[in-house]
Amino acid sequence: MTSFIAETAGAVRRLMTRGAAAALLASVASTAALAQDGDTVKIGYAVSKSGPNAGGSDMTVTPNYQLWVEEVNAAGGLKLPDGSQKMIEVIEYDDRSSAEEVVRAVERLATQDEVDFILPPWGTGFNLAVAPLMAKFGYPHLAGAAVTDKAPDFVERWDTSFWFMGGSVDYVDALTEILVAQREAGTINDQIAMVSVADGFGIDLVKAARPAFEAAGFEVSYDKTFPPETSDFATILGEAGNAGADTFVAFSYPPHTFALTKQAKVAGFNPPVFYLGVGAAFPVYPGIAGGSVEGVMSLGGIDPNNELTMAYRSKHEEVVGRAPDLWGSILVYASLQMLAQSIERVGLDKAAVANELSTGSFSTVLGEETRLENNQLRAINWIGQWQDGNFVAVSADGGEGKAAVKLPKPGWE
Amino acid sequence: MKTPLAFALAAVVLAALAAAPLFIPDYWTGVLLGMTGYVALATAWALFSGPTRYVSLATVAFFGVGAYTVAVLNEVLPYPLVLLCAGGIGAAMALVVGLSTLRLAGVYFVIFTFGLAELVRQTVSWWEVNVTYTMGRYVFLPFEGRHIYWQLLALAAVTLLISWAIGRSRLGLALKAIGDDETVAAHAGINVTRIKLMLFVISATLITLVGAIQAPRWTYIEPSIVFNPTVSFMTLIMALLGGAMRLWGPLVGAVPLFLLFEWLSVSFPDHFSIILGLLFILIVFVMPQGVLAKLEDLRGRGKP
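Quantities reported herein were computed from a predicted structural model and do not represent experimental measurements.

Chemist: Run through the overall build of chain B, naming residues and quoting values.
Modeler: Within chain B, the secondary structure is distributed over 14 helices and two strands. On C-alpha atoms alone, chain B measures out to a radius of gyration of 19 Å, which is about the 19 Å that the 2.2 N^0.38 rule sets for 304 residues. Expressed along its principal axes, the backbone C-alpha trace of chain B runs to roughly 65 × 50 × 40 Å. Within chain B, the proportion of its 304 residues that are buried is 53%. At a minimum sequence separation of 6, the contacts of chain B that also span at least 24 residues come to 79%. Carbon and sulfur atoms make up 71% of the accessible area of chain B, which totals about 13,700 Å². Charge centroids of chain B, computed over 17 positive and 13 negative side chains, lie 14 Å from each other.

Chemist: Requested: an account of the overall build of chain A, with residues and values cited.
Modeler: Scanning chain A for helices and strands turns up 13 helices and 16 strands. Taken over C-alpha atoms, the radius of gyration comes to 24 Å for chain A, in line with the 22 Å a tight globule of 413 residues would show. The C-alpha extent of chain A, read off along each of the three principal axes, is 70 × 65 × 40 Å. The 413 residues of chain A split such that 57% are buried. Pairs at least 24 apart in sequence give 66% of the contacts found in chain A among residues at least 6 apart. Side chains of chain A carry 29 positive and 51 negative charges; the gap between the two charge centres is 7 Å.

Chemist: An account of the domain arrangement of chain A is requested, with residue identities and associated values reported.
Modeler: Residue and element names in this part refer to chain A. As far as domains go, chain A holds domain 1 (40-167 + 307-371) and domain 2 (168-304 + 382-404). Using only C-alpha atoms to locate each centre, domain 1 and domain 2 end up separated by 29 Å. On the side of domain 2, 18 residues touch domain 1, which itself brings 14 residues to the contact. Here domain 1 meets domain 2 over a buried area of about 1,400 Å², counting both sides, of which 67% is carbon and sulfur.

Chemist: Can you tell me about the pattern of salt bridges, naming the residues and giving the values?
Modeler: Scanning the entire structure with this criterion turns up 19 salt bridges over all chains. As a salt-bridge pair, Arg104(A) and Glu100(A) come within 3.3 Å of each other at their nearest N and O atoms. Of the two residues, Arg104(A) and Glu100(A) are both situated in helix 3 (residues 99-112); the distance of four residues between them amounts to about one turn of the helix. Of the two residues examined, Arg104(A) and Glu100(A), each falls in the buried class. Between Glu144(B) and Lys136(A) there is a salt bridge, with its nearest N and O atoms 3.5 Å apart.

Chemist: Describe the sheet that holds strand 1 (residues 40-47) of chain A, naming the residues involved and giving the relevant values.
Modeler: All names here are of chain A. Read from one edge of the open sheet, four strands run 2-3-1-4, paired in mixed fashion. Among the strands making up the open sheet, the edge pair consists of strand 2 (78-79) and strand 4 (117-119). Inspection of the sheet shows strand 1 paired to strand 3 (residues 85-94) by eight bridges, in the parallel sense. Counterpart to Val 41 in the pairing with strand 3 is Ile 88.

Chemist: Report on the interface of chain A and chain B, specifying residues and quantitative values.
Modeler: In many analyses, interface size is given as the accessible surface area lost on bringing the parts together. Taken residue by residue, the interface counts 51 residues in chain A and 44 residues in chain B. In total, about 4,100 Å² of surface goes out of reach between chain A and chain B, with carbon and sulfur atoms giving 65% of it. Inspection of the chain A/chain B interface yields six salt bridges. Between Lys136(A) and Asp26(B) there is a salt bridge, with the nearest N and O atoms lying 2.7 Å from each other.

Chemist: Help me get a handle on the pairing of strand 3 of chain A, residues and values and all.
Modeler: Residues and elements named next belong to chain A. Relative to strand 3, strand 2 runs antiparallel, the two being bridged by two bridges. Looking across to strand 3, one finds that Lys 79 is bridged to Gln 85. What sits between strand 2 and strand 3 in their antiparallel hairpin is a turn of five residues, with Gly 83 showing a positive phi close to 90°.

Chemist: Would you mind going over the packing of helix 3 (residues 59-73) of chain B against helix 5 (residues 107-132) of chain B in detail, with residue names and values included?
Modeler: All names here are of chain B. The N-to-C vectors of helix 3 and helix 5 enclose an angle of 30°; their axes lie 8 Å apart at closest approach. Taken together, helix 3 and helix 5 sit at an angle that is classed as roughly parallel. Residues Val 60, Ala 61, Phe 62, Val 65 and Tyr 68 of helix 3 form the contact with helix 5, whose own contacting residues are Leu 116, Ala 117, Val 120, Val 124 and Glu 128. Taken together, the residues of the contact of helix 3 with helix 5 break down into nine nonpolar, no polar and one charged.

Chemist: A description of a nonpolar patch on the surface should follow, citing residues and the corresponding values.
Modeler: A surface patch of nonpolar side chains, about 420 Å² in accessible area, is lined by Leu104(B), Val107(B), Tyr108(B) and Ile111(B). Along the polypeptide, Ile111(B) turns up in helix 5.

Chemist: Outline the packing of aromatic side chains, supporting the account with residue identities and numerical values.
Modeler: Residues and elements named next belong to chain A. For the structure shown, the criterion picks out 34 aromatic pairs over all chains. Both rings, one in Phe 274 and one in Trp 412, keep their centres 5.3 Å apart while their planes meet at 90°; by these two values the pair is edge-to-face. With Phe 274 in strand 10 (residues 273-275) and Trp 412 in the segment after strand 16 (403-404), this pair connects stretches of sequence that are 138 residues apart. Trp 412 shares its class with Phe 274; the two are buried.

Chemist: An account of the pairing of strand 8 (residues 219-226) of chain A is needed here, citing residue identities and associated values.
Modeler: Sheet topology note: the strand 7 (residues 191-197) of chain A/strand 8 of chain A ladder contains seven bridges and is parallel. Within strand 8 of chain A, the residue paired with Gln191(A) across the bridge is Glu219(A).

Chemist: Can you lay out helix 4 (residues 79-101) of chain B for me, pointing to particular residues and giving the numbers?
Modeler: Residue and element names in this part refer to chain B. For helix 4, built from 23 residues, the straight-helix expectation of 33 Å at 1.5 Å per residue is met to within 8% by its first-to-last C-alpha distance of 32 Å. Within the sequence span of helix 4, burial applies to Tyr 79, Val 82, Leu 83, Ala 86, Gly 87, Gly 90, Ala 91, Met 93, Ala 94, Val 97, Gly 98 and Thr 101. The inward-facing, buried residues of helix 4 abut helix 3, helix 5, helix 6 (145-168) and helix 9 (192-214).

Chemist: I'd like a description of the packing of helix 4 of chain B against helix 9 of chain B, backed by residues and values.
Modeler: Residues and elements named next belong to chain B. Interhelical geometry of helix 4 versus helix 9 gives an angle of 145° and a closest axis separation of 8 Å. As for how helix 4 packs across helix 9, the hand of that crossing is right-handed. The segment helix 4 lies against helix 9, with Tyr 79, Leu 83, Ala 86, Gly 87, Gly 90, Ala 91, Ala 94, Leu 95, Val 97, Gly 98 and Leu 99 engaging Leu 197, Phe 200, Val 201, Ala 204, Thr 205, Thr 208, Leu 209, Ala 212 and Ile 213. Across the contact of helix 4 with helix 9, the residue classes break down as 15 nonpolar, five polar and no charged.

Chemist: Which residues make up the side chain of Glu107(A), and what values do they have?
Modeler: The topology assignment puts Glu107(A) in helix 3. Since its relative accessible area comes to 4%, Glu107(A) is described here as buried. At a separation of 3.1 Å, a polar atom in the side chain of Glu107(A) contacts the side chain of Arg217(B).

Chemist: So what's going on with the environment of Val130(A)? Which residues, and what values?
Modeler: Residues and elements named next belong to chain A. Here Val 130 shows up in helix 4 (residues 124-136). Separated by 27 residues in sequence, Val 130 and Val 103 have C-alpha atoms that sit 5.6 Å apart. Residues in contact with Val 130, not counting those within four places in the same chain, are Val 102, Val 106, Pro 121 and His 141.

Chemist: Describe the confidence of the model for chain A, listing the residues and the values that go with them.
Modeler: Residues and elements named next belong to chain A. With 91% of its residues at a pLDDT of 70 or more, chain A shows a mean pLDDT of 88. Considering each helix and strand of chain A separately, the mean pLDDT is smallest for helix 1 (residues 2-36), with a value of 43, and largest for strand 4, with 97. A low-confidence stretch, residues 1-37 stays under pLDDT 50, and its non-local contacts, those more than four residues away or across chains, total 33 contacts.

Chemist: Got a sec to walk through the nonpolar core? Specific residues and values, please.
Modeler: Among the nonpolar cores identified, the biggest contains 128 residues, and Trp163(A), Phe62(B), Ile221(B) and Met238(B) are the most heavily contacted of them. In this structure, Ile221(B) is in contact with Ala67(B), Tyr68(B), Ala71(B), Gly136(B), Arg137(B), Val139(B), Ala215(B) and Val226(B), ignoring residues within four places of it in sequence. Residues Leu119(A), Met194(A), Ala212(A) and Leu336(A) belong to the second largest nonpolar core, which totals 106 residues.

Parameters and conventions
- Sequence order sets the numbering: in each chain, residues are counted from 1 along the sequence as written.
- Think of it this way: whatever chain is written first is A, whatever ligand is written first is 1, and the rest follow in order.
- Reporting in this predicted model follows two pLDDT cut-offs: at least 70 for local features of residues, and 80 or more for side-chain atom pairs to be given and counted; totals over whole chains, interfaces and linings ignore these cut-offs and use all residues.
- For side-chain calculations, the full set of non-hydrogen atoms in the structure is used, while hydrogens and water are omitted.
- Under the scheme used here, helices are H or I runs from DSSP no shorter than 4 residues and strands are E runs no shorter than 2 residues, and both carry numbers assigned from the N terminus.
- Throughout, the radius of gyration refers to the C-alpha atoms, and the reference size of a globule is 2.2 Å times the residue count to the power 0.38.
- Buried means the residue's accessible area, taken with a 1.4 Å probe over protein chains only, is under 20% of the maximum for its type, while exposed means over 50%, and partly exposed covers the values in between.
- Whether two residues are in contact is decided by their heavy atoms, any of which lying within 4.5 Å being enough.
- Each accessible area is a Shrake-Rupley estimate made with a 1.4 Å probe; only the visible protein chains count as cover when residues are assessed.
- Two residue types count as positive, namely Lys and Arg, and two as negative, namely Asp and Glu; His and chain ends fall outside the count.
- We put the charge of a Lys on NZ, of an Arg on CZ, of an Asp on CG and of a Glu on CD.
- Domain delimitation in this document rests on an assignment produced automatically or drawn from a domain database.
- Buried area: the accessible surface (1.4 Å probe) lost by two parts on joining, summed over both.
- Think of a salt bridge as a Lys or Arg side-chain nitrogen and an Asp or Glu carboxyl oxygen that are within 4 Å of each other.
- When DSSP finds two or more bridges between two strands, those strands count as paired.
- Every axis in this analysis is a line fitted to C-alpha atoms, fitted for helices over the stretch in contact. Angles between the N-to-C directions lie between 0 and 180 degrees.
- An angle counts as roughly parallel when it lies under 35 degrees, as roughly antiparallel when it exceeds 145, as roughly perpendicular when it falls between 65 and 115, and as oblique in every other case.
- Nonpolar residues are Ala, Val, Leu, Ile, Met, Phe, Trp, Tyr, Cys and Pro. Charged residues are Asp, Glu, Lys and Arg, and all others, Gly as well, are polar.
- Think of a patch as exposed residues, more than 30% relative accessible area, with no salt bridge, where like charges cluster within 9 Å and nonpolar side chains (Val, Leu, Ile, Met, Phe, Trp, Tyr) cluster within 5 Å.
- Any Phe, Tyr or Trp ring, taking Trp's six-membered ring, that has another such ring centre within 6.5 Å forms a pair; planes under 30 degrees apart are called stacked, those over 60 apart edge-to-face, and the others tilted.
- The span expected for a helix works out to 1.5 Å for each residue beyond the first.
- Handedness of each helix crossing follows the sense of rotation of the near helix against the far helix: counterclockwise by less than a right angle gives left-handed, clockwise gives right-handed.
- Residues adjacent in sequence count toward polar contacts only when both atoms are side-chain atoms; beyond that, a polar contact is any pair of N or O atoms within 3.5 Å, and within protein one must be able to donate a hydrogen and the other to accept it.
- pLDDT gives the predictor's per-residue confidence on a scale running from 0 to 100.
- Put simply, a nonpolar core is a bunch of buried Ala, Val, Leu, Ile, Met, Phe, Trp, Tyr and Cys residues held in one set by side-chain atoms that sit within 4.5 Å of each other.

The following block contains the structure:
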């Protein structure tokens, strides 16, 4: 028995030293292989496959990377300026939802794997964590799933960074504009009940919303922040209902968004404007909410009459096996298309690609002429509403690919 | 080995490690950085938890406070002062926590320290949400990986030095007595609570500094990033693997485990957690006293 334990201990030790040696060897080997291997374009990324960020990554980011690589490779690979084509080779890591892991993974991709391009992780925090490294190694940083009001500052700090999802102020302004128009039309009063999750997203939006609502002449008569673990919203909804407000705004994460919808239904809480946070733009939302979600508003939205958008959605469903979300997915996918078209025009030189992304005009799922303004995508659908089973992009009066908002919200059934 | 010789050898190794980033690619500097961070954490953790056998899961509470201090102060104070503040806050917090809890023993202490990490995280969140209205802070300090690595290396060296000095002092002897039997130690005239408190404060201050030094690496800081409980568990497991009762134990545990994690995440990104879990089970069954003890045990048995 003791000799068995000694043997096992020996095996563990050998395994560990061999593990370290193997890591060393593998890294040497991959560098050596790269020197002679020029037939593929190496694209690397670290995404959260485990830990708290896995859900968000798996909804908005990873499926689009997979879809894009599959499509490009099925068409013979990435096109280069001389007309030749190179297949994409993917190097993928799991950052395990740890900031230190994602930083090291990007270092590994840049200096060990020496990939040609690096795609970003999911989330504002992680995109910022890798931004200095992406800039240092000269990689274009296509921050797809990152909402930040500081994008203009970041563009100055890291001139190869690109921001595709706007900032909190943009989303709040779009909502305020609609609310002002509805108040003038007499649909709603000037009271707002607002709740928010005490986490990055909720705090950021509520911080933008308070001054914006006030400046537009609204009074926030109920303003409550709840911890992310909250699952029972009966009290919050009751208090919000008693606040005398015609507008209910919740800057929530998916679990809260689903719970708020279900519990509002049970309580018969049906204000003229019912606006929720992340999750209301998931394709599964009507199913989870159990039936009619007509009139519910949230961030994002699509134009169901846009053929490009709808073609993207059906392709996503076909390749990935489920529909993309109705907010960030299409933006992430568009950023990849822009990368591919930049490579086709200027080749694999990272600085040239970054420059082309800044200045060029691209044909993407968002439109025939998608371009960035000061390295930021601005042609974003900021606000959407469930109308006839679709989560459509809306504005106060409609037009330009947006439908007119339909308020007051009808009853739950 | 004679002490001066050991010191000379340690100095040579330290110099070689310090020079390493000039010759190796950035990625390996990053690996060294992460490894040195955990060596410092595990050694600082073992400083208190090794001899007293009080298993603490509060590592990340102090680590996170250090990182948050840097995030809050990095734009208003010069960097050395920020580090000083971080150390001070860590020490003050450890003093308060220690005074109120070091009379707890056994599993109660473990549970309390685990709760403490969550308490600090929720308090910071509450403060940011209700008082400052910010969630997420930026750390823009002009440090690259190697600068952070050098700072961590110095801190790890200092931590080892402190651990060595304590081990040779009357304090170390008192600690060993406490670890063996607290009641007996108290009867032998040792002021048990004061000594435990002192050790806890030193250990926590060092842990806070590790967090403070590492913060600039992430640029963006929010509670869920810096109060990640994995840090506490990793530190604990590394120290236990090497042997928390010995000076070099935590280092011997941290280095191979860190390399193993790195290798696993490169080679088996999709099976990381499963393999890791199996390995932990193996470690606990095969080497409950740590690698160093096991080695001595094996060597001792080989002799007639």
